[in-house]
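# Structural characterization, general
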Amino acid sequence: MDHVQPAINLARNKPVRASSFSNPYVPRLAVNGIGSEASRWLPRLGMASPHWLEVDLLEREEVGSVMLYFWRTGSPDDSVRFELQMEDEGRWLPIAGTAYSREYLEPIHLIFAEPVQARRFRIVFQDAFLSLVELQLYPPGHTPEPLAFLDEPALEQVVKNADYDPDVRVLVSQLGYHPEHRKQVVYLFGGTAAADTFEVLRADSGEAVFTGALTIVEDDFGIVQVGDFSEWTGEGEYRVRIGTDYSFRTFHIREHLWGEYQKLIALQYFGARRVGEDSVVGDYGDTMAVRWDDARTADGQYRYIGKGFADGDDLRRFCNASLIVAQYCLLKRTDPFWDTGDWIYEQVRWGLDGVLSFLGKDGLLRHGLHIRTPDIHYGTDGRFESGDEGLLIDPIHDEEENAYEYSTLNEEVIHTSLLIGPAEACLLYGERDPEFFERVKQLVIRGYRSIEQRFSPYPAKYSLSAWMWLNALMHELTGEALYKERAMEEAGRFMQLQVKDWHGDGILNARGWYRYTGSPDNDPWIGITPRYGKYSSLDSETRSPWGEKPEQEIMIVPWLYQGLFRMLDLFGDEEIEAGKQWRASIESYARDYLLAISKQNVYGLTPMKVGSAGLIRQKGTLSYQYHGEIGRMFHQLANGALLMKAGRLLGDRELLDAAWNHAYYFTGCNPLGIGAIYGLSGNIPSQQYKADTVGKAYPGAVCNGFNCISGSNDHAQFQYWEFYGYANLASLWFATEIGSRRFAGELELWPSEITEALHSASPEEHRRHTLPVRVKSGFTYRFAALPGNTEAEEQDLRQLEWLVNDTVGGNVHIGTVSPDGVYTAPYVEEERVVVVGVRYIDNLSVRAATEVTVMPAPHQAVQLSGRTDGQGTILEWIPVTGNVTGYTIWSRQSVSEQSVGTIFERIGFIELPEASSYEVKDNPLPGTEYLVKAYHRQGDKNYGFGPESNIVTV
């Protein structure tokens, strides 16, 4: 009998790439060892064949057989036709005996006629459209190990990995409370006898420090018991006990506790979200989520993607790119103590680069990066996985195929909102880089004019508050009275939409929300319950002058209410009557609507929206939802931020308390006892995008919310969509409003590992999450030292010293670091790891450090020159020596009355290290600028671009 060796699948978890893919079925899913509908590679729909998937075994291996598993796509091409190939000195050669053409059959086990040796292998579908579940490669003589298919929704491994207890009955904030805040415990006593009292216990000793009475309350979530321990203000770590039940883990009472929220959200979460070239927290620099060699438009032309924030999963994600920039600017205006090293400025510049790469030279959205962040999974091993990819798309056309109303009815607010971030950045940072921000300002002006010309009447649907916000910023940028008058006029129209009369059935009454209140005979959505509020006819004469469902503008994206707050900031005091009206509007919305409804439940939860059918609870003409089909968290997060901002604006303590109730809701005091912001609480289900997506979200990520239609999660009513952009943007707003005066640690360094906020008596349970910090040879990167104690802030910062590999200031071999934390990476031939650290001069034991991988990026291309010869433009430079694979060519147009180039965009490349010239075929517009960057690719790693050459103008 032949000896059968144990199975060794050489392809398992090896690097893969493909001719194309359809989200979320990315290439790496075909080698992850999991079989399911969710775990497969699917080529992009509509792409011409051949389709191929390539696996890199990292070294030459002897392969004797392949095992293939497919998934039916429902197309006529479900018959299996493919060929296997191997790479030999850069050529792809067919493997003898592997051309296959039969009816659908799985699995397919092919034993090669003769074993072959190679590093890279491909499966090629010449004229078929197939979906590949798993590709397995085996050495000669090895019998394949059967692939285990998941039987959805029974997911034992998800439950096993889930940090989740479904039986929590004692509900408190799992993070904790400020000593002076209201503190409440909710007890889900259903099925047992009601208790009389509760106890607050010290976490270390179990000593009871407070005993309080419990009261039975019936609210929208049923019958519960509620106890108040606001009187206890002693700082420390605690648990609550009711009979034999305990609160989940522990919580803190501490004055500066919620500063950890701002740090986690503002510094670390969005820092981890940065994607694009030069990313210091990416997987391999610019290949974290942007594969620049795949970034091409439909006609095959390359386009610069830029650096930006990856967030959101529908067309409005492009708005988020801009509004994150705007929110960072608003955060900076609060003068956060920790922004001592221009950290926010660098985030703004980073995000602007991404926003500007989305915009055409007329200021309107032209191209977008198709990043759907479910492709960026967070593994159970505490490290980010590779394989994250993105492609350029025509965003408007792309969404037309998926959600008609997004492109036809939301397009104007997308264009408008994309200009808000750049405009806010110009106002705040214009003097930091006058040449750059003047270009940005001119693009905003041209974008505004393009919007005016494109949309008439304007605005409609979501765009009203974005439009008045943009007009207010335009006035500040230009000083022209027209924009101020228009902003005031639009704010007046906005006020007309507010519901003045009380609505309800006596049990619940509210007013102050925004909706169409015209004649019922002309109500375009009366009796209609369309998804996203789309009315029946685009040409309907009954269309509201503000769109078919204007309350959606506030209810779905309440952070756009920032427009009215910004109007008050910018010129509310000058326009005293209008300012009073705006304040009254904010007060009515906050008190008569949000606060009124929040009192109907012990958790202080506010509504998602009004005016929609199919909600769990509906009161007369007022409807609001808690656990409905789309009860998403981003609404409540933004409501919490709005209540906090309104409470401070109006000096209203009740609104502030209501805002803090939202913070407690997100950290465990809710009907399921779960945490909704990962890293701030403990009882959080595993991240569930598809049924076999196991693991946690990014620290600081916000769940999308409760979702009753989900049946594939470890809790039947919980869908953990941590990547949903609105929730994360709203959380950044909330963090801005909560503010921070200090952090917990004595000294911290960013970028570095992410540590969860304290929420347990066991420090080992506070997970540390490794972020691979990668920098490029010859480039500079800013590290931020964050002292926890701010009482002697300036003195503390002066007493810091920076080190590389324990050498103060570093040196040319390991890189140098300036007294304010700017690290200049050395030139290296291969990857090199160094340690960047910071410490106090007078107390060397207080220090922070992080490992940094220096990547072998190329040197700068120098002495670039340009000339025209009638046929085009000839660019010439001196070739780069050392690590170089080729060159990329970039151009930027001059500023004109119609258009403006704000960033350099890639227009071509040469895959030749010794190249020294490039011909631009088209004659450039007068004043067009050019530059060249070398790039370096080594094996499967793309180390990106070197420094920019000098600029030449033609």
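Residues numbered from 1 in each chain as written. Predicted model: local features only at pLDDT ≥ 70, side-chain atom pairs only at ≥ 80, totals over all residues. Heavy atoms only, no water.

## Considerations on the state of the cysteines
The tally for this structure, following the rule as stated, stands at zero disulfides. In this structure Cys426 is a free cysteine whose sulfur lies 9.2 Å from that of Cys329, the closest cysteine sulfur available. (Disulfide = S-S within 2.5 Å.)

## A closer look at unusual backbone geometry
The linkage connecting Trp750 with the following residue, Pro751, adopts the cis geometry, with an omega of 0°. Relative to the helices and strands, Pro751 is located in the loop between strand S29 (747-750) and strand S30 (754-755). Positive phi values are uncommon outside glycine, yet Asn805 reaches one of about 50°. Structurally, Asn805 is set in the loop between strand S35 (800-804) and strand S36 (807-808). (Helix = DSSP H or I, 4+ residues; strand = E, 2+ residues; numbered from the N terminus.)

## Concerning the pairing of strand S40 (residues 832-840)
Looking at chain direction, S35 and S40 are connected through five bridges and run antiparallel. The partner of Leu803 across the bridge, within S40, is Gly837. Where S40 meets strand S41 (residues 843-855), nine bridges bridge the pair, whose relative direction is antiparallel. Residue pairing across strands places Tyr840 opposite Asn843, the latter belonging to S41. (Pairing = 2+ DSSP bridges.)

## Some words on the side chain of Asn32
Within the fold, Asn32 resides in the loop between strand S1 (16-18) and strand S2 (51-71). Of the polar contacts made by the side chain of Asn32, one reaches the backbone nitrogen of Ile34; its length is 3.0 Å. Leave out the neighbours within four places in its chain, and Asn32 touches Arg12, Asn13, Ser39 and Glu134. (Polar contact = N/O pair within 3.5 Å; in protein donor to acceptor, adjacent residues only side chain to side chain. Contact = heavy atoms within 4.5 Å.)

## Points about the sheet that holds strand S46 (residues 917-920)
Reading across from one edge, S42-S43-S46 is the order of the three strands in this open sheet, with antiparallel pairing throughout. Unpaired on one side and paired on the other, strand S42 (862-868) and S46 mark the two borders of the sheet. The mean inter-strand angle of the sheet, taken between neighbouring strand axes irrespective of direction, is 15°. The sheet contact formed by strand S43 (residues 873-878) and S46 spans four bridges and is antiparallel. Bridge pairing links Thr873 to Val920 in S46. (Axes fitted to C-alpha atoms, helices over the stretch in contact; angles between N-to-C directions.)

## Notes on the sheet that holds strand S14 (residues 222-228)
Across the sheet, four strands lie side by side as S8-S10-S14-S13; this open sheet has antiparallel pairing. The open sheet is flanked by strand S8 (170-171) and strand S13 (215-219), the only strands paired with a single partner.

## Section: the confidence of the model for the protein chain
For the protein chain, per-residue confidence averages 77 on the pLDDT scale, and 70% of positions sit at 70 or higher. This stretch, residues 399-407, has a pLDDT under 50; its non-local contacts, to residues over four places away or in other chains, come to 22 contacts. Below pLDDT 50 for its whole length, residues 626-631 participates in 27 contacts with residues either more than four positions away or in separate chains. (pLDDT = per-residue confidence, 0-100.)

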